[in-house]
Amino acid sequence: MNYLTRSHWGAAPPTKTLPASKHLKGVALHWMGFAIHGDPRVVVKSIQRNHMGPGKDWYDIAYSELITLDGDVIEGRGLTIRCGANGSTKTNRDYVALGLLLGPGQIPTEAMVEAARSRIAIVRHFQPQATKIVGHKDLKPTTCPGP
């Protein structure tokens with residue numbers, strides 16, 4: 001597993017940050033909802049542009065971290081910054097958001113699953129009470145994280 005920091009993928013600076021809660025409930029899993037192809041750094045940069053662009057104007061890319069099919073982890077907002085992907089202020093405060101870089105017709109690989117487990121273990125190491133693992137659809141009406 002490789003870890004790509006924001007500088008590795010050329011992240012734009014956030015317009016604002018809020019600290020992650022010291023009382024997380026757990027981790028929310030997301031998917032992109034579209035098939036992912038090509039260099040994941042380019043894909044993540046495009047997602048950030050969409051999230052921060054006109055119409056959304058979010059502070060930054062919404063996810064705490066993103067995970068590739070190869071099992072590489074890409075820093076989004078990071079685990080110490082409140083995410084923006086879960087659908088509400090409360091759910092963003094209560095859950096870290098892991099974005100799985102896959103969409104319809106793409107099946108999570110063992111490497112992706114192992115990387116997700118590793119990141120969840122890190123969250124739990126620092127916040128042992130953060131035991132819940134939910135899909136985005138468990139927090140708000142959506143089809144995310146897919147089937």
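Below or above, wherever it landed, is the structure these notes cover.

The rules behind these values
- Residues numbered from 1 in each chain as written.
- Predicted model: local features only at pLDDT ≥ 70, side-chain atom pairs only at ≥ 80, totals over all residues.
- Heavy atoms only, no water.
- 1 Å grid on protein atoms, 1.4 Å probe; cavity = no way out; pocket = protein on both sides within 12 Å on 5 of 7 lines; lining within 4 Å.
- Points joined across faces, edges and corners; volume = space filled by probe spheres on them.
- Nonpolar A, V, L, I, M, F, W, Y, C, P; charged D, E, K, R; others polar.
- Helix = DSSP H or I, 4+ residues; strand = E, 2+ residues; numbered from the N terminus.
- Buried < 20%, exposed > 50% of the residue type's maximum accessible area, 1.4 Å probe, protein only.
- Contact = heavy atoms within 4.5 Å.
- Expected span 1.5 Å × (residues − 1).
- Arc of directions from axis to C-beta.

For the largest pocket, the calculated volume is near 340 Å³. In this structure, the largest pocket is lined by 19 residues; those nearest its centre are Leu100, Leu102, Pro108, Pro145 and Pro147. Partitioning the lining of the largest pocket into residue classes produces 14 nonpolar, 4 polar and 1 charged.

On inspection of all chains with the given rule, the structure shows 1 cavity of 30 Å³ or more. Of the pockets and cavities examined, the largest cavity occupies roughly 50 Å³. Every residue along the wall of the largest cavity is listed here: Ala20, Ser21, Leu24, Ser64, Leu79, Ile81, Arg82, Cys83, Asn92, Arg93, Tyr95 and Val96.

Another aspect to go through is unusual backbone geometry. The general pattern is negative phi for most residues beyond glycine and trans for most peptide bonds. Geometrically, the link from cysteine 144 to proline 145 is a cis peptide bond, its omega value of 15° lying close to zero. By the element assignment, proline 145 lies in the segment after strand 6 (132-135). Backbone geometry at aspartate 57 places phi at a positive 55°, although glycine is not the residue there. Counting through the fold element by element, aspartate 57 comes out in the loop between helix 2 (40-52) and strand 3 (65-67). With a relative accessible area of 54%, aspartate 57 lands in the exposed category.

The subject of this paragraph is the environment of glycine 135. Following the sequence through the fold, glycine 135 ends up in strand 6. The spatial distance from the C-alpha of glycine 135 to the C-alpha of leucine 29 is 4.8 Å, given a sequence separation of 106 residues. Setting aside chain neighbours within four positions, we find glycine 135 in contact with Leu29 and Pro145.

Taking 1.5 Å as the rise per residue, helix 4 (residues 110-126) with 17 residues should run 24 Å; its terminal C-alpha atoms sit 25 Å apart, in good agreement. Taken residue by residue, helix 4 has Met112, Ala115, Ala116, Arg119, Ile120 and Val123 as its buried positions. Projected down its long axis, helix 4 shows its buried positions confined to an angular sector of 135°, all on one face. For helix 4, the exposed residues lying more than 90 degrees away from the buried face are Glu110 and His125. Next to the buried residues of helix 4 lie strand 1 (3-4), strand 2 (26-31), strand 3, strand 4 (73-75), strand 5 (95-100) and strand 6.

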